[in-house]
Every structure is written in structure tokens, then in C-alpha cells.
Amino acid sequence: MKSLVFFTCIHLFTSMVAAAEIERIWLTHKTNQPNKIVVNWLTDEPGDSVVVYGISPETMERAKVNESTKLHHVEIPLNHRDRIYHYSVQTGNQRSAAATFKAYPTETLRVAIVADWQSQPDLSSLIKDDVHLLLTAGDNINNLWQKCGPGKRNCITPYVNLISAYPELFRSTPFMPILGNHDRQIHPRGSKPPAHAVYDVDATAFCRFFELPDEEWKWHFDIPEFGVRFIGLDFNHISDFGNHWQTCHAFGRDSQQYQWYQSITKKVPGHLVTLYNERNASIRNQLQGEWHQLFQRGTICVTGFGYFAERAELDGLNYYNTSLSGKGKQYSDPHSKFLAGKDSYLLLTCDRSSGGMKVEMKSLGNEVLDRQNFAKPVRKQTTP
């Protein structure tokens, strides 16, 4: 009798393990418009990738990728607006609980931008804003080497930890990060450049973990109904370019990044929001001010380079610095209009009927630190 009970318990335990719940789920886009979304998840055991999704129990569909893996990426179509999508994921006997996300709206769009996520603070204020899209201005993790070991370019553990810290946020809100230097640091930095590269310029782990548009280390994303384009660039610690502290891709006139940005901003659909992780004054002065001239084709630029909250304005263009770790050393922009030592994020609210965009810099205590309203842009096609 004891043997029967023992084997019965073993069977039940094995069944429970085999049917373990999938908890680490995040949503991204790899298309340049929100006509599709990628459901990403991680499993303890490898297997195929299945998403069951729909806007009602009667219309649920199924998408499957026949590949044995622990890191799953399945793209599904978004054919509706102003609705709630229901979905769950499955890999073999491993399943997730039912989850939901909002379809993109038709009248009012809310987008949040965060940066310097290393401390993983309480984001209750941001969650209450009920945003449709979450972007970053870089530095989403501390580094790679402390959790993965030095030199491990492919290790995703720090990104897994980020997703695990905010499970409800990431399974319900599309997330599109950009790169900072911390996001690809594979060795300790030290006091001077060593004989080996400290940073993985290719951002192997970042690109493996997130499904993003274009080359992923740079990307653009349009929401045509609201006339807004978001562009993620790869600028960080540009003063270290060319030595073993180099963190980012090239940004000179002949670089892929410069020529791509120059081309994609010749004709902007409306508001243009440019994201990067370098000090605003440093990058806009590059190439004798040519980057600033290109940025002027847009509405705002946003960085997470400094640990403070700031808005600067030059030639009619607003430059923001936002940080979830906003109580660090302040080195103000020469054209600063607002500066505060507070943890902050940006909330962008786009109105479809007017074409306007409101930008609020908010504290994590839900205080509006700065507010600017930008009317619908009247743009002409830009010559090279």
C-alpha cells in the first residue's frame, strides 16, 4: 500500500512539472506598423510555440511555430482597434494563464518612455496611465557580465530578470526598448580600455531576446492613424568610439546609421520622436551640428543618458532627458528649460482629431513635472 501511494505521488508530481505554468511573457513589435504583434515567452523545457488568441471566446484562433526552443517568438495579426485581445501560450505540456492586451485605439493614444531601469523601481504611476505602448531610452539592465559571467555575448539572464520583475506589465503592454551601454556590457569597464572589447557592439543578447523592427539595434515604428513615428538610434558613450570601450555603432556621415536616419526622416508622417542613450548636447554637436539639423525634422528627442529629469530647447526643438533613477549628478544642458533631481518618465498623449501631441514629464509619484503641447506639424518633404 505504501508503495502504491509513493508511486502515485511521483506520478502526480511529474504531471505537475510537465504542465508547469509559463509566466515569463512579453509583447513586442517586429513590423514597422501595429498591424501585427509578437508574443514572446520563455520555458523551462524546449518545445514548439503556440499562441491561442482572439477578441472573444467564439473567435479564438491559433498560431504555431514548429521549432523546439526555450525562447519563443510568435507573431499574430492585429485586425481590430479599440478592443481587448485575449491570449494564452503553450509549449508542449507547459501553458500560461489567460492574459489580455489592448488593441491600439482610434481616438487617443498613450505612450510611455522610460530609461535607466537598473533599480527596477515601483511603476504603479505608469501602470495607472494605462498606456498602449511602452518605449525606452536605453539602459534597461545593469549589465550582462555580472549575471552571465565575463564575455558571454549571448546570455539573456538579465533581460529575463527584468521581465520577471514586472510580469503583468510586460504581458499586457507592447514593449519596444532601445540600447544603452549597460545593455551590452560583457566585461567590467575598469579605469582604462583593456586589450579586449568591454561591450558587445552587436548587442547579441538584446537582439536575441527582443523581436524588434529593422536591424533591432536601430528601428522605426509608425502609428499612421495618429501621424507619429518613433525612431530608436544607437548612441551611447560616443567619446569612447574607436577604442575597446566602444559601445555603439558608427554615427559618422558615411555610417549606415546616419544615412538611414537621413533617409527615413526626409518625409515624416507627422510627429517624429527620436530615442537614443547619449547626452543630448554631445550628439547634436557631432559633425559640426549636422545631427542637430537632422533632429530638427522631428518634434522631440529623448535620451536616458543622465540620471535626472530635464527638458532643453534649441532652435524650436525640445530635447528631453528622463530617468527612473533620477537623483544622480546633474549636468544641465546649455539650453535647459527645466531640470529636476527626480525619478521620472515621459507620457505622450496623441489626439487623432487634432493631430496634436502632449508630452508630460512625470515623477514616479504621479506628479507632472513639466508639460508641453505640440500642434500637428506642417511639414514639407526634406531634401537630402
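Sequence order sets the numbering: in each chain, residues are counted from 1 along the sequence as written. Under the rules for a predicted model, residues below a pLDDT of 70 receive no local features and side-chain atom pairs below 80 are neither given nor counted, while totals for whole chains, interfaces and linings still include all residues. Calculated side-chain values reflect all of the structure's heavy atoms, with hydrogen atoms and water omitted.

Visitor: Give me the state of the cysteines: which residues, what numbers.
Guide: The term disulfide is used for any two cysteine sulfur atoms that are within 2.5 Å. Following the criterion strictly, the structure yields 1 disulfide and no others. Not part of a disulfide, Cys248 finds its nearest cysteine sulfur in Cys207, a span of 14 Å. By relative accessible area, Cys248 is classed as buried at 1%. The structure places no disulfide on Cys301, whose sulfur is separated from the nearest cysteine sulfur, that of Cys248, by 16 Å. The cut-offs for exposure are 20% and 50% of the maximum accessible area for each residue type, with area from a 1.4 Å probe on protein chains only; residues under the lower value are buried, those over the upper are exposed, and the others partly exposed.

Visitor: Would you mind going over the domain arrangement of the protein in detail, with residue names and values included?
Guide: Accessible area lost during the coming together of the parts is what is often quoted as the interface size. One can read the domain layout of the protein as domain 1 (18–104) and domain 2 (106–374). The C-alpha-based centres of domain 1 and domain 2 are spaced at 26 Å. Note: buried area is the sum, over both parts, of the accessible area (probe 1.4 Å) each one loses when the two are combined. Summed over both partners, the interface of domain 1 with domain 2 buries about 2,500 Å², with 57% contributed by carbon and sulfur atoms. The largest share of the area that domain 1 buries against domain 2 comes from Asn32, Lys102 and Tyr104, three residues that together contribute 26% of it. For salt bridges, the criterion is a side-chain nitrogen of Lys or Arg within 4 Å of an Asp or Glu carboxyl oxygen. On inspection of domain 1 and its partner domain 2, the count reaches 3 salt bridges. Between Arg81 and Glu225 there is a salt bridge; the shortest N-O distance is 3.1 Å. Residues adjacent in sequence count toward polar contacts only when both atoms are side-chain atoms; beyond that, a polar contact is any pair of N or O atoms within 3.5 Å, and within protein one must be able to donate a hydrogen and the other to accept it. Along the contact surface separating domain 1 from domain 2 lie 14 residue pairs in polar contact (both at pLDDT 80 or more). To qualify as a helix, a DSSP run of H or I must reach at least 4 residues; to qualify as a strand, a run of E must reach at least 2; elements of each kind are numbered from the N terminus. Counting residues per element, the ones that place at least two in the side of domain 1 that touches domain 2 are strand 2 (25–28), strand 3 (36–54), strand 4 (61–77) and strand 7 (99–102). Looking at side-chain class alone, the side of domain 1 that touches domain 2 contains 13 nonpolar, 8 polar and 6 charged residues. Domain borders in the structure are assigned automatically or taken from a domain database. Only Asp, Glu, Lys and Arg are considered charged, only Ala, Val, Leu, Ile, Met, Phe, Trp, Tyr, Cys and Pro nonpolar, and every remaining residue, Gly among them, polar.

Visitor: Please set out the nonpolar core residue by residue, giving values where relevant.
Guide: In plain words, nonpolar cores are sets of buried Ala, Val, Leu, Ile, Met, Phe, Trp, Tyr and Cys residues tied together by side-chain atoms within 4.5 Å. Tyr87, Trp117, Phe230 and Leu348 are the most contacted members of the largest nonpolar core, which has 86 residues in total. Broken down by element, this core gets its largest block of residues, 6 residues, from strand 3. Apart from the residues lying within four places of it in its own chain, the contact partners of Phe230 are Val111, Leu133, Leu135, Trp219, His220, Phe221, Ile223, Val273 and Leu348. Cys248, Tyr261, Leu287 and Phe295 belong to the second-largest nonpolar core, a separate cluster that totals 22 residues. Pairs of residues are marked as contacts when any of their non-hydrogen atoms sit within 4.5 Å.

Visitor: Run through the packing of helix 7 (residues 256–264) against helix 9 (residues 286–295), naming residues and quoting values.
Guide: The axes are straight lines fitted to the C-alpha atoms, using for helices just the contacting stretch, and the angles between their N-to-C directions are given from 0 to 180°. The interhelical angle for the contact between helix 7 and helix 9, taken along N-to-C directions, is 40°, at an axis separation of 10 Å. Taken together, the axes of helix 7 and helix 9 are oblique relative to one another. When the axes of helix 7 and helix 9 are compared, the crossing they make is left-handed. Contacts from Gln257, Tyr258, Tyr261 and Gln262 of helix 7 reach helix 9 at Leu287, Glu290, Trp291, Leu294 and Phe295. For the contact of helix 7 with helix 9, the class distribution of residues is 6 nonpolar, 2 polar and 1 charged. Each angle gets one of four labels, with under 35 degrees taken as roughly parallel, over 145 as roughly antiparallel, 65 to 115 as roughly perpendicular, and the rest as oblique. A clockwise turn of the near helix away from the far one marks a right-handed crossing, whereas an anticlockwise turn of less than a right angle marks a left-handed crossing.

Visitor: Now, about the sheet that holds strand 9 (residues 133–136): what can you tell me, with residues and values included?
Guide: Being paired, for any two strands, means DSSP has found at least two bridges between them. Strand order across the open sheet formed by 6 strands is 10-9-8-18-19-20, with mixed pairing between neighbours. Either end of the sheet is taken by a strand with one partner, and the two such strands are strand 10 (175–176) and strand 20 (368–374).

Visitor: Outline the sheet that holds strand 14 (residues 300–303), supporting the account with residue identities and numerical values.
Guide: Two modes of strand pairing occur in sheets, parallel and antiparallel, and in both the strands are linked by backbone hydrogen bonds. The 7 strands are arranged 11-12-13-14-16-15-17 in an open sheet whose pairing can be described as mixed. The outermost strands of the open sheet, each flanked by one partner alone, are strand 11 (219–223) and strand 17 (336–340). Sheet twist, expressed as the average angle between the axes of neighbouring strands with direction ignored, equals 15°. As paired elements, strand 15 (residues 309–314) and strand 16 (residues 317–321) share 5 bridges and run antiparallel to each other. Note that in strand 16 the partner of Glu310 across the bridge is Asn321. Strands in contact with helix 7 are strand 11, strand 12 (228–232) and strand 13 (271–276); relative to strand 12, the strand with the most contacts, it is inclined by about 175°. Of the strands in this sheet, strand 13, strand 14, strand 15 and strand 16 are in contact with helix 9, which crosses strand 16 at around 100°.

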